[in-house]
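# Analysis of the macromolecular model
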Amino acid sequence: MTMFEKIRTYPLTWIVVVALVLAFALTMASPYFLTSGNINNLLKQVSIVAILAAGQSMVIITGGIDLSVGSVLALSAVTIGWLIQADVHPLIATFCGLAMGTLCGFINGFIITRGRIAPFIVTLGMLGIARGMALVITGGVSYQILEPLFLTIGNSKFLGLPIPIYFVIVTYFVIHIVMHYRVFGQHIYAIGGEERVARLQGIKVDREKLKVYTISGFLAALAAVVMVGRLAATPPSVAQGIELQAIAAVIIGGISFTGGRGLVLTALVGALIMAMITNGLNILGISSFWQQVLIGVVIIAAVWLDNLKSAARQ
Amino acid sequence: MNQPVPLVEMRNISKHFGGLQALTDACLDLYPGEVVGVLGHNGAGKSTLMKILAGAQTASSGEILINGDVADIQDPNDARAYGIETIYQELALCGNLDAPSNLFMGRELHKWGFLRKREMRREAAEALSKLNIRIKSLETDVEMMSGGQRQSISISRAVHFDAKIIIMDEPTAALGMEESKKVVDLIQDLKEHGIGILWISHDIHDVYNFTDRIVIFHGGKNVMTARTKDFTQDEIVSMIISGTPVKKEAAV
């Protein structure tokens, strides 16, 4: 394969081109788009969906789906808020919040693999359970969080970039390594490609899937930490429907919904494209109603393109 | 006479799925360098018996001896540890992965969990060239390859991991004539290396030409175990269909 061929077929190439074209168009349309204030804003907006999309990508590459991430995020956030208002040290509260999300993910994976129930159904159940628990714990009340730890995460910059961006960078760096340089990642692609074959070849399919859903839960909790920082509060109704944005980011990135194919990094670009659409239309003063229409169109177009690609492959 | 120890001896294997009796006291043996055809209708129990040997299912009762010792096969990894490899008609490869990934699936070379990609690539290239298998590029996903190429990858995987016993489930069913011939040539190669092969097939012509012995099943029970050439093709077909052994006047 020539170098050009390699670049041309690398899954990241085209989606990055699309993102750049979009960024260029928005820059042309409004001088405000490329200001550092707006870019910072955009990056902050994208961070939470991007972190969720990383976990979602892994799940979708196994051929599954995790609908519960928004609710798990809320439950983790509420856990942190509830502990902090009970005067627990913020680091311990954060740890407990992360543990809560991880536990939810573990439960998802456990039920999916042991109960042989479709991931869609199990995580739909968890979507209700985690949200409900968040409301039960708080009685529907939002706690204000004025801890310096969270204010720093939400409002400070490091080397000119908002702190949440570093969460995103580390997340994608680690997940990319896991997916492409670890045996575990190789197994995830095999499972998504043909689960039966993976099993016959001795891959411990259930154990690997359990790990994937657990990681997705952990990343939902990590997104919760960023969310608490940004809101300086823990409303139990936070992040409703965000799972669909994460899934949309994954799809726009070009990761195959049937599993086994795609690059996790593309989900990050997918999330950026969605955020740019929202942000760009805001700048241009176009109604937020139209944003939903446009994002819907983009999702369908992305999958259509993907189908054309695989049709060309056959 | 000094009888060699069979590679595999399956004794009185029974298997039931709930109330359904799939196998009743099924027996089978296989010697080094031998191809044994495993024959029977769909539902005759041959596939179940092979799955039990491959560790994809476990027997309700009975025992398996490998090289004369009782073997405990609970899952595919156990079977592999005894040198048993299975080559399925279509299912054995992940189409979304390249040849080296498929070759090493479930047995990836790694250091502290980090893949040793370069080494796997090199070994895959070696394994394929040892069997004279030509593939355009090792980076191509196997779903882009022909059926014969895919089957060759499966076979080279078995050989690379030092299989002593290879189960072939309809190895040529999905292949064209030319490709079938290549697979059959490969099998001759394997025989010469002392590997025992269990060949499940519906193609009576192939079975007749390439197997040394046949084992016929019907309704989960043994019908006949014999040298292939002791019967005519028609007689074999009739035993598969009727489930009753053909009487031979002139025993050989």
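Keep in mind the model is a prediction, meaning the values are calculated, not measured.

Moving on to the sheet that holds strand 3 (residues 35-39) of chain B. All names here are of chain B. In spatial order, the strands read 6-9-10-3-11-12; together these six strands make up an open sheet with mixed pairing. Pairing within the sheet leaves two strands with one partner each, and these edge strands are strand 6 (84-87) and strand 12 (221-227). The average angle at which neighbouring strand axes cross in this sheet is 20°, direction not considered. The strands touched by helix 5 (residues 147-160) are strand 6 and strand 9 (165-169); relative to strand 6, the strand with the most contacts, the crossing angle is about 180°. On the sheet, helix 6 (residues 177-192) packs against strand 3, strand 9 and strand 10 (196-200) and is oriented at approximately 150° with respect to strand 10.

The extent of an interface is frequently quoted as the accessible surface area lost upon association of the parts. Chain B puts 28 residues into the contact, and the matching count from chain A is 25 residues. With both chains or domains summed, chain B and chain A bury close to 2200 Å², and 53% of this area falls on carbon and sulfur atoms. One can count two salt bridges joining chain B with chain A. The closest approach of N and O atoms between Arg261(A) and Glu143(B), which form a salt bridge, is 2.9 Å. Across the chain B-chain A interface, the total number found is 12 residue pairs in polar contact (both at pLDDT 80 or more). Those elements giving two or more residues to the side of chain B that touches chain A turn out to be helix 2 (76-81) and strand 8 (114-115) of chain B. Looking at the side of chain B that touches chain A, the element that brings in the most residues is helix 2 of chain B, giving three residues. In terms of residue class, the side of chain B that touches chain A is made up of 13 nonpolar, seven polar and eight charged.

Considering all chains together, one arrives at 17 salt bridges over all chains under this definition. Asp212(B) is the partner of Lys191(B) in a salt bridge, and the nearest nitrogen-oxygen pair spans 3.2 Å. One end of the pair, Lys191(B), is in helix 6; the other, Asp212(B), is in the loop between helix 7 (204-210) and strand 11 (213-218), with 21 residues separating them in the sequence. Judged by its relative accessible area of 18%, Lys191(B) falls in the buried class. Taken together, the salt bridges that share partners define one network made up of Arg116(A), Glu195(A), Arg199(A), Asp206(A) and Lys209(A).

So, about the UniProt feature "transmembrane region" (unreviewed entry) in chain A. Per the UniProt record, "transmembrane region" (unreviewed entry) is annotated on residues 12-30, 42-60, 67-85, 91-113, 120-146, 158-179, 212-232 and 289-308 of chain A. Secondary structure across residues 120-146 of chain A divides into 70% helix and 7% strand, with the first and last C-alpha atoms of the span separated by 37 Å.

Turning to the side chain of Gln186(A), a few remarks are in order. Tracing the backbone shows Gln186(A) in helix 9 (residues 183-193). What makes Gln186(A) buried here is its relative accessible area of 13%. Not counting residues up to four positions away in its chain, the partners in contact with Gln186(A) are Met179(A), Leu97(B), Ser101(B), Glu108(B) and Leu115(B).

Leu52(A) and Leu73(A) are the most contacted members of the largest nonpolar core, which has 98 residues in total. Setting aside its immediate chain neighbours within four residues, Leu73(A) contacts Ile48(A), Leu52(A), Ala220(A), Ala223(A), Ala224(A), Met227(A), Val238(A) and Ala239(A). If you look at the next biggest cluster of nonpolar residues, it comprises 34 residues, including Phe104(B), Ile155(B), Ala158(B) and Met168(B).

Residues and elements named next belong to chain B. Spatially, 2-1-4-5 is the arrangement adopted by the four strands of the open sheet, whose pairing is antiparallel. At either end of the open sheet lies a strand with only one pairing partner, and these are strand 2 (20-30) and strand 5 (69-71). Sheet twist, expressed as the mean angle between neighbouring strand axes with direction ignored, is 30°. Where strand 1 (residues 8-17) meets strand 2, seven bridges bridge the pair, whose relative direction is antiparallel.

Rules used throughout
- Residues numbered from 1 in each chain as written.
- Chains lettered and ligands numbered in written order.
- Predicted model: local features only at pLDDT ≥ 70, side-chain atom pairs only at ≥ 80, totals over all residues.
- Heavy atoms only, no water.
- Pairing = 2+ DSSP bridges.
- Helix = DSSP H or I, 4+ residues; strand = E, 2+ residues; numbered from the N terminus.
- Axes fitted to C-alpha atoms, helices over the stretch in contact; angles between N-to-C directions.
- Contact = heavy atoms within 4.5 Å.
- Buried area = accessible area lost by both parts, 1.4 Å probe.
- Salt bridge = Lys/Arg side-chain N within 4 Å of Asp/Glu carboxyl O.
- Polar contact = N/O pair within 3.5 Å; in protein donor to acceptor, adjacent residues only side chain to side chain.
- Nonpolar A, V, L, I, M, F, W, Y, C, P; charged D, E, K, R; others polar.
- Buried < 20%, exposed > 50% of the residue type's maximum accessible area, 1.4 Å probe, protein only.
- UniProt positions renumbered as here; feature names shortened; annotations may be inferred.
- Core = buried A, V, L, I, M, F, W, Y, C linked by side-chain atoms within 4.5 Å.

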